[in-house]
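Listed below, chain by chain, are the residues.
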Amino acid sequence: MRLRNIPGAREVIGASEYVIPEESGCAGKWKEIFGNDQPIHMEIGTGKGRFLMELAGLHPEINYVGIEKYSSVLLRAIQKMEEEPLSNVRFIRMEAEHILRYFEKEEVERIYLNFSDPWPKERHAKRRLVSREFLDRYRILLEKGGDLEFKTDNRDLFDFGVEQTAVAHWEITAITYDLHQDEKMNEGNIMTEYEERFSAKGNPICKYIISPQYKNVKQN
């Protein structure tokens, strides 16, 4: 269960060198922020940072941005960064709905969604990070040829996400309903805290990789 109310978490986050201030105008300035022109990969809902930081350690040639809305959770990721600093990682504490404020068009090469909030009530469908509304945002951010990777143990959310790809004109390039039993898609897989916990209970992990289609799709 996520901790959401650690006293002083906001202050620590605000003072951290690893966190981009919410009010900053960082769109189009990521090369300046990282001090290089490496590709940008982003995780939305980065949690305590395990997945993102392990990935960043393996791929110093890529810059990683972690988005997390809960201060008390992001605080844990910052603490990990202070113990083992990575120059190619930055965080933003923000609601995913506002993501277009922080990145310019075609500024991101890859997006990761890991065990996102399922928002099970139908009236909250637009809040799901795999909804058409979010896919339309991601389309703007992704460079041509970019993609999105989504993992979850929630089959209802996954089925919803698969359905939304067609509605939003995205192409599924790879898919599995049992990641850890799929030799090809599981190769090089980095587990999140949730993935380790759920798979230990015997829950199959679903994953897809999708890319936007552009033919006959109106661009913003």
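Structural notes, computed from the coordinates. Keep in mind that this is a model prediction, so the values were computed, not measured.

**A word on the side chain of His41**
Moving on, step 1. Within the secondary structure layout, His41 lies in strand β1 (residues 40-44).
Moving on, step 2. Given the relative accessible area of 2%, His41 is considered buried.

**Details of the layout of surface pockets**
Moving on, step 1. A volume near 280 Å³ is recorded for the second largest pocket.
Moving on, step 2. Taken together, 20 residues make up the lining of the second largest pocket; nearest its centre are Leu55, Tyr112, Glu149, Gly188 and Lys207.
Moving on, step 3. Among the elements of the structure, α3 (50-58), β4 (108-114), β5 (142-152), α7 (183-186) and β7 (206-212) are those that each provide at least two residues to the lining of the second largest pocket.
Moving on, step 4. Tallied by class, the residues present in the lining of the second largest pocket amount to 9 nonpolar, 5 polar and 6 charged.

**Structural notes on the packing of aromatic side chains**
Moving on, step 1. Scanning the entire structure with this criterion turns up 10 aromatic pairs.
Moving on, step 2. Seen in terms of ring centroids, Phe51 and Tyr112 are 5.2 Å apart; in terms of plane orientation they differ by 70°. Their pairing is edge-to-face. Pair noted here: Phe51 is in helix α3 and Tyr112 is in strand β4, with a separation of 61 residues, a long-range link. Here the two residues Phe51 and Tyr112 agree in accessibility, since each one is buried.
Moving on, step 3. Three or more aromatic residues link up through ring pairs in this structure, and these residues are Phe150, Phe158, Tyr177 and Tyr208.
Moving on, step 4. If you follow Arg139 out to its NZ or CZ, it ends over the ring of Tyr214, 5.7 Å from the centre.

**Remarks on the environment of Leu75**
Moving on, step 1. As for its position among the elements, Leu75 is in helix α4 (residues 71-83).
Moving on, step 2. Distance in space between the C-alpha atoms of Leu75 and Lys105 is 29 Å, their sequence separation being 30 residues.
Moving on, step 3. Other than its neighbours up to four places away in sequence, Leu75 contacts Ile6, Ala9, Val12 and Ile13.

**Some thoughts on the sheet that holds β4**
Moving on, step 1. Spatially, 7 strands are ordered β3-β2-β1-β4-β5-β7-β6 in an open sheet, and the strand pairing comes out mixed. Each having just a single partner strand, β3 (89-93) and β6 (170-176) make up the two edges of the open sheet. Sheet twist, expressed as the mean angle between neighbouring strand axes with direction ignored, is 20°.
Moving on, step 2. The strands touched by helix α6 (residues 155-167) are β5, β6 and β7; relative to β7, the strand with the most contacts, the crossing angle is about 20°.

Quick notes on the rules
Residues numbered from 1 in each chain as written. Predicted model: local features only at pLDDT ≥ 70, side-chain atom pairs only at ≥ 80, totals over all residues. Heavy atoms only, no water. Helix = DSSP H or I, 4+ residues; strand = E, 2+ residues; numbered from the N terminus. Buried < 20%, exposed > 50% of the residue type's maximum accessible area, 1.4 Å probe, protein only. 1 Å grid on protein atoms, 1.4 Å probe; cavity = no way out; pocket = protein on both sides within 12 Å on 5 of 7 lines; lining within 4 Å. Points joined across faces, edges and corners; volume = space filled by probe spheres on them. Nonpolar A, V, L, I, M, F, W, Y, C, P; charged D, E, K, R; others polar. Phe/Tyr/Trp six-rings, centres within 6.5 Å; stacked < 30°, edge-to-face > 60°. Lys NZ or Arg CZ within 6 Å of the ring centre and 35° of its normal. Contact = heavy atoms within 4.5 Å. Pairing = 2+ DSSP bridges. Axes fitted to C-alpha atoms, helices over the stretch in contact; angles between N-to-C directions.

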